[in-house]
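Structure assessment
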Amino acid sequence: MQLGLIGLGRMGANMARRLISGGHDVVAWDRSAAALQAVTADGVTASASLEELARHLRAPRAVWVMVPAGEPTEQTVAALGTALQADDVVIDGGNTHYKDDVRRARTLRARGIHYIDVGTSGGVWGAARGYCLMIGGETGAVQRLTPIFRTLAPGEGSVAPAPGLDRSTTTAHEGFVHCGPAGAGHFVKMIHNGIEYGLMQSYAEGFDILRNASSDALPEEHRYDFDLADIAEVWRRGSVVSSWLLDLAANALREDATLSHFEGRVADSGEGRWTVAAAIEEAVPADVLTTALFTRFRSRRDHTFAEQLLSALRAQFGGHVEPR
């Protein structure tokens, strides 16, 4: 299948490579000539402009936008609304606020252009592991692009479907799922990232307590000098708290037990704030997720080992660099 791809950053370039290896035809554009050159060696067709990209694609066209959320995505989607034609599809795979998706879908619908929002999780590991995809949009347009979603997703792999799952009614067990109309995909991804904040905070605080078990403030017989990397490693095997995030914590602690390469300044990319805002709008208590968000605010003022581990985890799964 042919797909246009705009944005070849940490995730976009790897997505292009995964699609090419899956037998698809990818036509790409990025403001960076170096980023374009890097993927042409893998078989991606480079375009000199967004308009040229549209000309390279066969109708009905599909263009996946993978640029930073906010104004860059806003400008790109608006430009595509002019460059594309009726029955073409615009896919936003970034971390867009779901209310913006609803507005953009309505605007493009007036021109006969379909809009699909795809919450994309996988970070810098997605090229090899695949991407978990949460999809919003019109059913027909989503079904048309199923071959693309199936290639990007991890597939069932070794994870057995939940008991009772009916494979004939869902693709969730393959790592991608149609969540509902416009905005639904990014709403689910927003909550996914809010939960991620809470999980990361739990690991960070737990390991901080373990690290400080040797404190001089404790009675000598109650002091313990734990090997944190070993504890993370053993918890990965058979523990109820095992997860991919714990795998990444084990990686980080094995690489640097003191996390000396991290100050502990932890950024928030928007979804945590949006999750808390949604909870307020729905009058749903979200104590843990809200506290995890506020902890990130505090980390920019003073830093604990917990914040260093949070920062290390973000670097492990997403290649995020600490804010300065």
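Bear in mind the structure is a predicted one, so any value in this text is a computation, not a measurement. All residue numbers refer to position in the chain's written sequence, counted from 1. The predicted nature of this model means local features are confined to residues of pLDDT at least 70 and side-chain atom pairs, given and counted, to a pLDDT of 80 or more, with totals for whole chains, interfaces and linings taken over all residues. As a convention, hydrogens and water are excluded, and side-chain values are obtained from all of the structure's heavy atoms.

**A look at the overall build of the protein chain**
In plain terms, the rule: Numbering goes from the N terminus for both helices and strands, where a helix is a DSSP run of H or I of at least four residues and a strand is a run of E of at least two. We take the radius of gyration over the C-alpha atoms and set the globule estimate at 2.2 Å times the residue count to the 0.38 power. A simple rule labels every residue: compare its accessible area, found with a 1.4 Å probe on the protein chains alone, to the largest value its type can have, and call it buried under 20%, exposed over 50%, or partly exposed in between. Note on contacts: a residue pair is in contact if any heavy atoms of the two residues lie within 4.5 Å. Surface accessibility in these figures is a Shrake-Rupley result with a 1.4 Å probe; residues are shielded only by whichever protein chains are displayed. When charges are tallied, Lys and Arg are placed among the positive residues and Asp and Glu among the negative ones, while His and the ends of the chain are skipped. The atoms used to mark charge sites are NZ of Lys, CZ of Arg, CG of Asp and CD of Glu.
In terms of regular secondary structure, the protein chain is built from 14 helices and eight strands. The C-alpha radius of gyration of the protein chain comes to 21 Å, within 12% of the 20 Å expected for a compact globule of 324 residues. For the protein chain, the C-alpha atoms occupy an extent of roughly 75 × 45 × 40 Å along the three principal directions. For the protein chain, the residues scored as buried account for 48% of the 324 residues in total. Of all intrachain contacts in the protein chain linking residues separated by at least 6 positions in sequence, the fraction that spans at least 24 positions is 68%. Carbon and sulfur atoms form 55% of the exposed surface of the protein chain, whose accessible area is close to 15,400 Å². Placing the 31 positive and 39 negative side-chain charges of the protein chain at their respective mean positions leaves the two points 6 Å apart.

**Some words on the side chain of Glu271**
The line we're drawing: Any Lys or Arg side-chain nitrogen found within 4 Å of a carboxyl oxygen on Asp or Glu counts as a salt bridge. Two N or O atoms count as a polar contact when they lie within 3.5 Å, although within protein this holds only if one can serve as hydrogen donor and the other as acceptor, and sequence-adjacent residues are included solely when both atoms are side-chain atoms.
Structurally, the position occupied by Glu271 is in helix α12 (residues 271–282). Buried and unpaired, Glu271 has Lys189 as its nearest opposite-charge partner, separated by 4.4 Å. Of note is the side chain of Glu271, whose polar atom sits 2.6 Å from the side chain of Asn95.

**Some points on the pattern of salt bridges**
Proximity of charged atoms lets side chains of opposite charge pair with each other. This model, assessed by the stated rule, comprises 18 salt bridges. With a closest N to O distance of 3.3 Å, Asp92 and Arg104 form a salt bridge. On the criterion of sequence distance, the pair formed by Asp92 in strand β5 (residues 89–92) and Arg104 in helix α5 (residues 98–109) is long-range, its members being twelve residues apart. For Asp92, a relative accessible area of 0% corresponds to the buried category.

**Side note on the sheet that holds strand β6 (residues 114–121)**
Quick note on the threshold: Two strands qualify as a pair provided that DSSP identifies no fewer than 2 bridges between them.
Ordered by their spatial adjacency, eight strands build an open sheet running β3-β2-β1-β4-β5-β6-β7-β8, and the pairing between neighbours is mixed. Sheet topology places β3 (45–46) and β8 (176–180) at the edges, where each strand pairs with a single neighbour.

**Points about a nonpolar patch on the surface**
We apply this condition: Patches in this entry comprise residues that are over 30% relatively accessible and not in a salt bridge; like charges within 9 Å are linked, as are nonpolar side chains (Val, Leu, Ile, Met, Phe, Trp, Tyr) within 5 Å.
Taken together, the side chains of Val234, Trp235, Val240 and Val241 present a nonpolar region at the surface, about 380 Å² in accessible area. Along the chain, the position of Trp235 falls in helix α10 (residues 228–235).

**As for the pairing of strand β2 (residues 25–29)**
Note the cut-off: Here is how to tell: hold the view so the strands point away, follow the path from the first strand over the helix to the second, and if it runs clockwise the crossover is right-handed.
Of all the five residues making up β2, four are buried; the element is thus mostly covered by neighbouring parts of the structure. Both strand β1 (residues 2–6) and β2 contribute to a ladder of five bridges, which runs parallel. Counterpart to Leu5 in the pairing with β2 is Ala28. For the crossover from β1 across helix α1 (residues 12–21) to β2, the handedness is right-handed. Relative to β3, β2 runs parallel, the two sharing two bridges. Directly across from Ala28, in β3, lies its bridge partner Ala46. Read as a crossover between parallel neighbours, the route from β2 over helix α2 (residues 33–40) to β3 is right-handed.

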